[in-house]
Amino acid sequence: MINKKAQEKCLDIVNEFNSNVDIASEDIINLLKSECETYGELLKAIDFLKKGAIWNRSLKESDIDVNLFEKCKKKIIKEMNDLKIIIHS
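The shown structure was predicted, so the numbers you read here are calculated from the model rather than taken from an experiment. (Residues numbered from 1 in each chain as written. Predicted model: local features only at pLDDT ≥ 70, side-chain atom pairs only at ≥ 80, totals over all residues. Heavy atoms only, no water.)

Draft legend 1. Region of the structure containing the overall build of the chain. The number of helices and strands found in the chain is 3 helices and 0 strands. Secondary structure elements of the chain, listed N to C terminal, follow the sequence α-α-α. Within the span of the chain, comprising 89 residues, buried residues form 21% of the whole. As displayed, the chain offers around 7,400 Å² of accessible surface, 59% of which is attributable to carbon and sulfur atoms. (Helix = DSSP H or I, 4+ residues; strand = E, 2+ residues; numbered from the N terminus. Buried < 20%, exposed > 50% of the residue type's maximum accessible area, 1.4 Å probe, protein only. Areas by Shrake-Rupley, 256 points an atom, 1.4 Å probe, with all protein chains shown as cover.)

This is how it looks when you write it as structure tokens:
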């Protein structure tokens, strides 16, 4: 078993990584929002980037890029769900 100090350092690294993922996902979303007109287009753009990352998997051995795009999708869906309902008559 690892000692308490090493365990705490690992948790610090994970927390820093998660913070960086949050920042990166916000940057990606904001960039794509300037290119898309609807949330549907925005989600399709994220899927397109994610598929590109999967196809390039032979160049990498990491799932970090795919998880980053999943984080983007979750944030976009949360934003969509937080919108008020507009009743059209």
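Draft legend 2. The nonpolar core, seen in detail. Grouped together as the largest cluster of nonpolar side chains are 15 residues, with contacts concentrated most on I28, L32, L42, I46, F69, C72 and I76. Every element with two or more residues in this core is listed here: α1 (4–33), α2 (39–55) and α3 (64–81). Here F69 is in contact with I28, I46, L49, K50 and A53, once residues within four sequence places are set aside. (Core = buried A, V, L, I, M, F, W, Y, C linked by side-chain atoms within 4.5 Å. Contact = heavy atoms within 4.5 Å.)

Draft legend 3. The arrangement of the side chain of S25 in detail. Along the chain, S25 turns up in helix α1. Look at S25 and you get buried, because its relative accessible area is 0%. Those residues in contact with S25, other than ones at most four positions away along the chain, are L68, K71, C72 and K75.

Draft legend 4. Summary view of the environment of V21. Residue placement: V21 occurs in helix α1. Here V21 falls in the buried class, since its relative accessible area comes to 15%. Each C-alpha atom, one on V21 and one on D65, is 9.7 Å from the other, the two residues being 44 residues apart in sequence. What V21 contacts, discounting residues up to four positions off in sequence, is L68 and K71.

Draft legend 5. Up close: the environment of K74. Note that K74 resides in helix α3. A residue is classified by how much of its surface remains accessible, and K74, at 60% relative accessible area, is exposed. On a C-alpha basis, the gap between K74 and S25 in space is 9.9 Å, while along the polypeptide they are 49 residues apart.

Draft legend 6. Region of interest: the side chain of K50. Turning to its location among the elements, K50 is positioned in helix α2. According to the relative accessible area criterion, K50 is buried, its value standing at 19%. Among the polar contacts made by the side chain of K50, one reaches the side chain of E70 at a distance of 2.3 Å. Other than its neighbours up to four places away in sequence, K50 contacts V66, F69 and E70. (Polar contact = N/O pair within 3.5 Å; in protein donor to acceptor, adjacent residues only side chain to side chain.)

Draft legend 7. Examining the pattern of salt bridges more closely. Applying the stated criterion to the full structure yields 7 salt bridges. The salt bridge partner of K50 is E70, with a shortest N-O separation of 2.3 Å. In this pair, K50 sits in helix α2 while E70 sits in helix α3, placing the two residues 20 residues apart along the sequence. Given the relative accessible area of 25%, E70 is considered partly exposed. Counted as one network, the salt bridges with shared partners bring together D22, E26, K71 and K75. (Salt bridge = Lys/Arg side-chain N within 4 Å of Asp/Glu carboxyl O.)

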